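Survey of secondary and tertiary structure
Here is what each chain is made of, one letter per residue.
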Amino acid sequence: MPRAGLTPDLLVAAAADLADEAGFDNVTLSALARRFGVKDASLYSHVKNVQDLRTRLALHAGAEMIDRIALAVAGRAGKEALAAFAGAYREYALLHPGRYAATQIPMDQTLVAEAPAFRRTADITYGMLRAYGLEEPDLTDAVRLLRSTFHGYCALEAGGGFGAPRDVQRSWDKAIDALHTALTHWPGSG
């Protein structure tokens with residue numbers, strides 16, 4: 001019997017907070033049960049197992065992140081949209097490190113395809129890139145370039161990996177300039 005007041009959505013929200021506080025790898029059913037003052041078994045009425053919980057957290061965090069990105073890029077195109085997209089991505093990754101880590105886990109592609117937030121992510125990302133005149137297969141390549149650049153930069157920044165005295169924001173701005181140049185002068189399809 002489900003415990004009064006506990007719902008899957010409430011558990012996922014608490015897991016998101018726990019991920020940001022203690023790290024994504026520390027999101028366990030035991031840790032979550034302690035937060036609610038219940039036994040681990042009480043949570044199985046709401047989630048199948050820790051993998052189910054983490055998948056739900058990934059979907060939740062992905063939806064939060066794309067909502068912020070969508071607001072940032074609304075009404076913008078070209079370099080302005082790219083900078084807004086990148087800025088919202090970076091801000092989310094740095095403000096919510098555990099939730100962001102959840103968005104990076106491998107997931108069943110069938111589940112991803114069915115998730116409205118992931119469809120919205122694709123629509124917004126591909127829409128921004130189409131302003132550069134890109135079509136498939138170049139769109140997929142450009143998405144991979146952006147994701148790897150943003151993720152790598154955020155991971156290094158969050159981990160204190162930029163030790164040079166140059167301002168990190170200035171380097172970020174240069175990276176966006178470089179990406180804009182690459183997208184504007186994208187190599188021919190192949």
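Provided above is the structure to which this section pertains.
Read on for an overview of the structure. (Residues numbered from 1 in each chain as written. Predicted model: local features only at pLDDT ≥ 70, side-chain atom pairs only at ≥ 80, totals over all residues. Heavy atoms only, no water.)

**Considerations on the overall build of the protein chain**
Within the protein chain, the secondary structure is distributed over 9 helices and 0 strands. Order of helices (α) and strands (β) in the protein chain, N terminus to C terminus: α-α-α-α-α-α-α-α-α. Looking at the protein chain as a whole, 38% of its 190 residues qualify as buried. Considering only residue pairs separated by 6 or more positions, the protein chain has 67% of its internal contacts joining residues 24 or more positions apart. By element, 55% of the accessible surface of the protein chain is carried by carbon and sulfur atoms, the whole surface being about 10,200 Å². Within the protein chain, one finds 20 positive and 22 negative side-chain charges whose respective centroids are separated by 4 Å. (Helix = DSSP H or I, 4+ residues; strand = E, 2+ residues; numbered from the N terminus. Buried < 20%, exposed > 50% of the residue type's maximum accessible area, 1.4 Å probe, protein only. Contact = heavy atoms within 4.5 Å. Areas by Shrake-Rupley, 256 points an atom, 1.4 Å probe, with all protein chains shown as cover. Lys, Arg positive; Asp, Glu negative; His and termini not counted. Charge placed at Lys NZ, Arg CZ, Asp CG, Glu CD.)

**Brief notes about the nonpolar core**
I69, L82, L129 and F150 are the most contacted members of the largest nonpolar core, which has 34 residues in total. Those elements that provide at least two residues to this core are α3 (50-73), α4 (78-95), α7 (116-130), α8 (138-158) and α9 (168-184). When residues of this core are assigned to their parent elements, the largest contribution, 9 residues, is made by α4. Among all residues touching F150, those that are not within four sequence positions of it are L82, F85, A86, Y89, W172, I176 and L179. Membership of the second largest hydrophobic core comes to 24 residues, among which are V12, A31, V47 and M107. (Core = buried A, V, L, I, M, F, W, Y, C linked by side-chain atoms within 4.5 Å.)

**What about the environment of T28?**
Turning to its location among the elements, T28 is positioned in the loop between α1 (8-22) and α2 (29-36). T28 sits in the partly exposed class, given a relative accessible area of 28%. In this structure the C-alpha to C-alpha distance between T28 and D40, which are 12 residues apart in sequence, comes to 9.5 Å. Filtering out sequence-adjacent residues up to four positions away, T28 remains in contact with V50 and R54.

**Points about the packing of aromatic side chains**
Both the distance between ring centres and the angle between the ring planes are used here to describe each pair of aromatic rings. What the rule picks out here adds up to 6 aromatic pairs. Both rings, one in Y153 and one in W172, keep their centres 4.9 Å apart while their planes meet at 65°; by these two values the pair is edge-to-face. Taken together, the residues span a long stretch of sequence, with Y153 in helix α8 and W172 in helix α9 at a distance of 19 residues. Grouped by ring-pair contacts, the aromatic residues F85, Y89, Y100, F150, Y153, F162 and W172 constitute a single cluster. The cationic tip of R54 hangs over the ring face of F24; the distance from NZ or CZ to the ring centre is 5.2 Å. (Phe/Tyr/Trp six-rings, centres within 6.5 Å; stacked < 30°, edge-to-face > 60°. Lys NZ or Arg CZ within 6 Å of the ring centre and 35° of its normal.)

**Thoughts on the environment of L179**
With respect to the element layout, L179 can be found in helix α9. A relative accessible area of 6% places L179 in the buried class. For the pair formed by L179 and A83, sequence separation is 96 residues and the distance between their alpha carbons is 9.6 Å. The contacts of L179, once residues within four sequence positions are left out, are L82, L145, L146, T149 and F150.

**Section: the environment of A13**
Relative to the assigned elements, A13 resides in helix α1. Relative accessible area serves as the criterion here: at 31%, A13 is assigned to the partly exposed category. C-alpha of A13 to C-alpha of L43: the two residues are 30 residues apart in sequence and 14 Å apart in space.

**A closer look at α9**
Helix length check: α9 (17 residues) gives 24 Å between terminal C-alpha atoms against 24 Å at 1.5 Å per residue, within 8%. Buried residues of α9: W172, A175, I176, L179 and L183, and no others. The buried residues of α9 occupy an angular sector of 100° when projected down its axis, which confines them to one face. Facing away from the buried side of α9, by more than 90 degrees, are the exposed residues R170 and K174. Where the residues of α9 are buried, they touch α4, α7 and α8. Regarding α9, its N-cap is D167, as a side-chain oxygen of that residue lies 3.3 Å from the backbone nitrogen of Q169 further along. (Expected span 1.5 Å × (residues − 1). Arc of directions from axis to C-beta. Polar contact = N/O pair within 3.5 Å; in protein donor to acceptor, adjacent residues only side chain to side chain.)

Take it as geometry only, folks, not as evidence of what the structure does.
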